[in-house]
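Examination of the molecular architecture
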Amino acid sequence: ELLDDDDDVNDGGEVVNDDEDQKQRSKDVTMGEYMDQLNLNDDEISESCRAEMESDGDIQEEEEEGGRWHDDEVQMKLWDPVLNLRKKSKKQNSNVDGGNNISNEANGERQYSGRVICIVPPSGASGQQASEFKPEDESYKKQIPKRTIVGTLSKLPDGNRYLLVPNNKCLPRFMCPAGTKEVEEEGKDDANADEIVEKSRMLYQAEYVFGSWSSMSKWPPCTNVRKLCGSCNVEDETKALLVENGVDHGDFPAAVLRDVDKAVKSGRFLENNKSSDGAVEKDMGWKPTEEMCRGRRDYRNHRIFTIDPTTAKDLDDALHVTPLPDGRVEIGVHIADVSHFIQSGSAVDQEALRRATTVYLVNDVIPMLPRPLCEIACSLNENVERLAFSIVWRMNLDGTLSKKGRKGKNKPKAEDEIWYGRTVIKSCARLDYATAQNIIDGKVATGEEQADETFWPKSRQPTGGHTIDQVAADVRLMHKVAMARRQLRFGNGALALNGIKLAFQLEDDGETPKLCAPYPIRDSNRLIEEYMLLANYFVAQRLITHAHGRALLRNHSPPIELGMQSVVDVSKEALNFDIDTTNSSTLQASLSRLSRECDDELVVQCITESLMTPMKPAEYIAAGELAEEDWHHFALNIPYYTHFTSPIRRYPDVIVHRLLQATIDDNVDEFPQNQGEIHSAAGHCNDKRMAAKKAQERSDRVFLSLYLKKNPITSTLGVCLSVGEKTFTVFVPKLGASIKVFLQEHEDCFETNAYTDDGGKRHIVISPKTDAVPGMQQSDDDT
């Protein structure tokens, strides 16, 4: 499903983003600037902004095509947006090249796209950057942006120079400096020949300096070439993927650990815990002091619980639900108050910004915050008091936000207003998705005196005087409301592209995969998603109306139209099925109709996979840097959105927490970061999030290789999704993986003939050079 970090949108493919696309058009006035000038409060915004905008004749033609969010009755029931913003029109979406493809309209011919013509520096890098676009700009010399390349060495035919062949096949080969040599085979003198690391398996790392690729050079140059590690084993491959993606953060510096120790010191205490053999052990616990709790709303007696993956250690969100006499429910989302422990500008704050996100590998976690914070003081563990930042609102059982009544034309009653604030909570139970699903399915807590521990383990049962029947009733009520809301959301244009994510179960050595299977998405996952989406949306609205241009949002631009059109054309030609890509609503409706009308699930899966490629990644932005219609989140089909719910593992959420508190304290003007600085930090977080995503995908591929080595698949179905000049993309449904195949890597096994027919279609004919099946004779050492 199109989920981003569990509760948002999948970033959907590698797309190089042009910073110029992010700049506000000079003639447009953003909502942030508009409100900065008028200094409106929450209650005034809806009326005055509507009156101002609707009287603006300059945008009337665009409004007629795109419309406004308040024009959609279902949208109003679902989200009740305070701001009546313009919708992004189809005309605005029709940037055919999407910043990545080129259409030659002058002569009617379609140009190829994707050729490497330069290497663009990362958007999040600070300062004026050099690139092949601006070689005359020397200001970059003050701080030269670099990129780390990891790969193998290949000797040129003349025998004097080497090329670095990157592991990332999207990159060109790099020319190594003169004098570069391969290291000798390691382990030659060892008695055990299996320990020998061959030259061909040795990985090297080098640096590319942005702007150094001369137009006179066939290959970009790299510098500082040095041996990194071997390959074909978990330790070396993990080291390589961390270095290659710039997430090899290492240990936390001493100054960071001192900051953390100072932040948690006053709440530390020793507690007795029993080990598996019955022995009593002293563990370091933590609870907030009376001083920390002062001024916070007290939710310690509320029935609050968490629902997370089974192995989760950093629990950053908890929920409560309370049925109301009028037939509605009160929902509370409680998020770990990380910003309480991290002072702006401190050593731990700077390190968290540098890392920007937690990196989740199959066999390891590279945390954004030190363990005393992410797993102890901030984690909302069961039966312990914790500091939280909470949002509490009321909604209807049908999943809508329609208010029961209003005091005036646009003013909600006091009890209907959304409450934001710092709290102190005490979770009564740590549920996992499997247990919550058992409750939803009625496998447990159906009136029995004691719950079957097969379906509800003892360690996950409620404490603090709360019963399993009470918690089960809460879970079922939240599920009922969430599923009703979910149905309305997708009926109103939210987009779901259901891809497959593999999950691994490892042996005791932590390296050998013993099980590989698709990660199950259950209703319990969707339950959490619905309430996290709402909480993030409410916070985004609060930031826009009170923090104005400083509001840190997460937007999702429409997909690349040229790529979408290719899928539309294939679907029409192969299936005689029309896909409407006008917006997320029409696209989701098309996919739903395809699922109903097509009996072949594989076809639906392949179309869905193809549609994921042209999807652009969701990005963090400062609201004042973009026009208001560009705040839109395409996949969720809502006017604005942010990330508030995972501050333990995402740095943008920390900024959002600080901004939200500033709006509560009414001191946004004193916030330590201005609009530009927030936008710059957002760009850095975008880069690091994408780097972490690539590292995670590479880790999955490493462990999938190890699993297939131990459990080989003789043959399996693969579907060709697209054909390039010297590549083609194969989708393997059984593995849920799309793989780009480079013909040049298989020249020793296959004869290939690539050509374009008279109709402009690409064809690749492949035939084996021998009768042997390629790859079946490989040695046991190969993976």
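Cut-offs and rules
Residues numbered from 1 in each chain as written. Predicted model: local features only at pLDDT ≥ 70, side-chain atom pairs only at ≥ 80, totals over all residues. Heavy atoms only, no water. Helix = DSSP H or I, 4+ residues; strand = E, 2+ residues; numbered from the N terminus. Buried < 20%, exposed > 50% of the residue type's maximum accessible area, 1.4 Å probe, protein only. Contact = heavy atoms within 4.5 Å. Areas by Shrake-Rupley, 256 points an atom, 1.4 Å probe, with all protein chains shown as cover. Pairing = 2+ DSSP bridges. Axes fitted to C-alpha atoms, helices over the stretch in contact; angles between N-to-C directions. Core = buried A, V, L, I, M, F, W, Y, C linked by side-chain atoms within 4.5 Å. Salt bridge = Lys/Arg side-chain N within 4 Å of Asp/Glu carboxyl O. Phe/Tyr/Trp six-rings, centres within 6.5 Å; stacked < 30°, edge-to-face > 60°. Lys NZ or Arg CZ within 6 Å of the ring centre and 35° of its normal. Parallel < 35°, antiparallel > 145°, perpendicular 65-115°, else oblique. Nonpolar A, V, L, I, M, F, W, Y, C, P; charged D, E, K, R; others polar. Expected span 1.5 Å × (residues − 1).

In terms of regular secondary structure, the protein chain is built from 19 helices and 25 strands. For the protein chain, the proportion of its 783 residues judged to be buried stands at 48%. In the protein chain, 68% of the contacts between residues at least 6 apart in sequence involve partners at least 24 apart. In the structure as shown, the protein chain presents an accessible area of about 38,000 Å², 46% of it carried by carbon and sulfur atoms.

Now for the sheet that holds strand β21 (residues 719-723). The sheet built from three strands is open, its strands ordered β21-β22-β23 with antiparallel pairing. The sheet is open, and its two edges are formed by β21 and β23 (737-742), each paired on a single side. In this sheet, adjacent strand axes meet at a mean angle of 25° when their direction is disregarded. Packing against the sheet, helix α17 (residues 601-612) makes contact with β21, β22 (727-732) and β23, and its axis sits at approximately 30° to β21.

Turning our eyes to something else, we now look at the nonpolar core. Counting residues in each nonpolar core, the largest one holds 109 residues, and the members touching the most others are L373, W393, W456 and Y531. Considering each element in turn, this core owes the most residues, 14 residues, to helix α14 (residues 523-547). When neighbours within four sequence positions are excluded, Y531 is seen to be in contact with L319, I331, V333, W393, M395, M478, V481 and A482. L497, V567, I607 and F634 belong to the second largest nonpolar core, which has 18 residues in total.

This structure, assessed with the given rule, holds 32 salt bridges. Residues E291 and R294 are paired through a salt bridge, measuring 2.2 Å at the closest nitrogen-oxygen approach. The pair E291 / R294 is uniform in exposure class, with both members exposed. Between E573 and K761 there is a salt bridge, with the nearest N and O atoms lying 2.3 Å from each other. In this pair, E573 sits in helix α15 (residues 561-575) while K761 sits in the loop between β24 (750-756) and β25 (762-768), placing the two residues 188 residues apart along the sequence. Looking at E573, the relative accessible area reads 55%, which means it is exposed. Put simply, R486, R489, E529 and E530 are held in one network by salt bridges that share partners.

So, on to the packing of aromatic side chains. The geometry of an aromatic ring pair is captured by two quantities: the separation of the ring centres and the angle between the planes. Scanning all chains against the criterion turns up nine aromatic pairs. Centre to centre, the rings of Y537 and F538 are 5.9 Å apart; their planes meet at 55°, and the pair counts as tilted. Here Y537 and F538 have matching classes, each one buried. One Lys or Arg, R355, reaches over the ring of F252 and ends 3.7 Å from the middle of that ring. Here the guanidinium or amino end of R554 rests over the ring plane of Y620, the centre of that ring lying 4.4 Å away.

Pairing analysis gives six bridges linking β22 to β23, with the strands arranged antiparallel. The residue of β23 that forms the bridge with V732 is A737. Linking β22 back to β23 in an antiparallel pair, the connection comprises four residues, with G736 at a positive phi of about 65°.

What follows covers the packing of helix α10 (residues 347-355) against helix α19 (residues 675-710). At a minimum axis distance of 8 Å, the contact between α10 and α19 shows a crossing angle of 55°. Comparing their axes, α19 and α10 come out oblique. For the pair formed by α10 and α19, the contact residues are L353, R354 and R355 on the first element and A681, H684, C685 and K688 on the second. Looking at the contact of α10 with α19 residue by residue, the class counts come to three nonpolar, one polar and three charged.

Moving on, we come to α15. Here α15 contains 15 residues, and its C-alpha end-to-end distance of 20 Å stays within 8% of the 21 Å for a straight helix at 1.5 Å per residue. Within α15, burial applies to L562, M564, V567, V568 and S571. Tucked into the core, α15 has its buried residues touching α16 (584-597) and α17.

Everything listed here is a matter of geometry and, on its own, says nothing about what the molecule does.
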